Amino acid sequence: MSIPPLSAFSLLTSVQSFIFLIISLEFGAYVLTRQVVNVFEWLVAWRGHKRNLRRRLRDAKTYEEWKTAAKELDDYLGFDEWKETEEDSYFDYALVSRSEPHRKWSLIGPLVGEESEKNTD
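In this numbering scheme, every chain counts its residues from 1 along its sequence in written order. Local features in a predicted model are, by the rule used here, given only for residues with pLDDT of at least 70; side-chain atom pairs are given and counted only at 80 or more, and totals for whole chains, interfaces and linings are based on all residues. Working from all heavy atoms in the structure, the side-chain values ignore hydrogens and water.

Chemist: Which parts of the structure should I look at to understand the environment of K67?
Modeler: The helix and strand labels rest on DSSP assignments: H or I over at least four residues marks a helix, E over at least two residues marks a strand, and numbering proceeds from the N terminus. Mapped onto the fold, K67 is located in helix α3 (residues 63–77). Only protein chains enter the accessibility calculation, which uses a 1.4 Å probe. A residue is then buried if its area is under 20% of the maximum for its type, exposed if over 50%, and partly exposed in between. For K67, a relative accessible area of 18% gives the class buried. Here the alpha-carbon distance between K67 and L57, two residues 10 residues apart in the chain, equals 8.1 Å.

Chemist: I keep staring at a positive patch on the surface and nothing clicks. Help me out?
Modeler: The patch calculation keeps residues exceeding 30% relative accessible area without a salt bridge and links them within 9 Å when they carry like charges or within 5 Å when they are nonpolar (Val, Leu, Ile, Met, Phe, Trp, Tyr). Per-residue accessibility takes into account occlusion by the displayed protein chains alone, with areas from the Shrake-Rupley method and a 1.4 Å probe. Within this document, salt bridges are pairs made up of a side-chain nitrogen of Lys or Arg and a carboxyl oxygen of Asp or Glu, the two lying within 4 Å of each other. Neither His nor the chain ends is counted toward charge; the positive residues are Lys and Arg and the negative residues Asp and Glu. Just so you know, the charge point we use is NZ for Lys, CZ for Arg, CG for Asp and CD for Glu. Among the surface-exposed residues, R47, R51, R54, R55 and R58 lie close enough to one another that they form a single positively charged patch. Here R47 shows up in the loop between α1 (8–45) and α2 (48–59). What makes R47 partly exposed here is its relative accessible area of 35%.

Chemist: Please clarify how the pattern of salt bridges should be interpreted in this entry.
Modeler: Pairing is possible between side chains that carry opposite charge, provided their charged atoms lie close to one another. With the rule as written, the count across this model stands at one salt bridge. For R56, the salt bridge identified is with E72, shortest N-O distance 2.6 Å. Taken together, the residues R56 in helix α2 and E72 in helix α3 connect sequence positions 16 residues apart.

Chemist: What should I look at first to understand α3 in this one?
Modeler: Residues lying three or four places apart along an α-helix face the same way, a consequence of the helix completing one turn every 3.6 residues. Multiplying one less than the number of residues by 1.5 Å gives the expected span of a helix. Compared with an ideal rise of 1.5 Å per residue, which puts 15 residues at 21 Å, α3 spans 21 Å between its outermost C-alpha atoms and is within 8% of the ideal. When α3 is considered as a whole, its buried residues turn out to be K67, A69, A70 and L73. Two residues qualify as a contact provided that any one of their heavy atoms is within 4.5 Å of a heavy atom in the partner residue. Summarising the contacts, the buried residues of α3 are in contact with α2. Positive phi shows up at G78, right after α3, with a value of about 80°.

Right, here's the structure in full:
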């Protein structure tokens with residue numbers, strides 16, 4: 001009894017099916033992992049004071065309320081610490097500090113979080 005030879009078409013479809021199976025398994029593992037992380041965050045991460053701050057952020061009706069809640073949450077989580085360090089791998093602190101006096105004359109305007117200086121002349 002001899003085994004019939006595989007045609008090029010059947011070989012191609014079996015390889016495609018195998019690749020599709022691998023991609024499907026990887027996608028399923030990704031979705032499962034994301035759901036586990038979501039449940040963990042819901043159960044553990046957003047509790048206590050952090051939860052109250054985040055709720056205030058979501059429930060803000062005006063930009064000023066949102067901005068105040070966001071600053072409080074950033075302070076609580078320590079997201080403002082980067083402003084106090086002079087050396088960082090993401091930007092050139094020396095260049096930024098040299099250009100700081102010239103920012104008020106730029107066309108871009110003040111940085112986010114800074115109050116704009118208006119000419120009252």
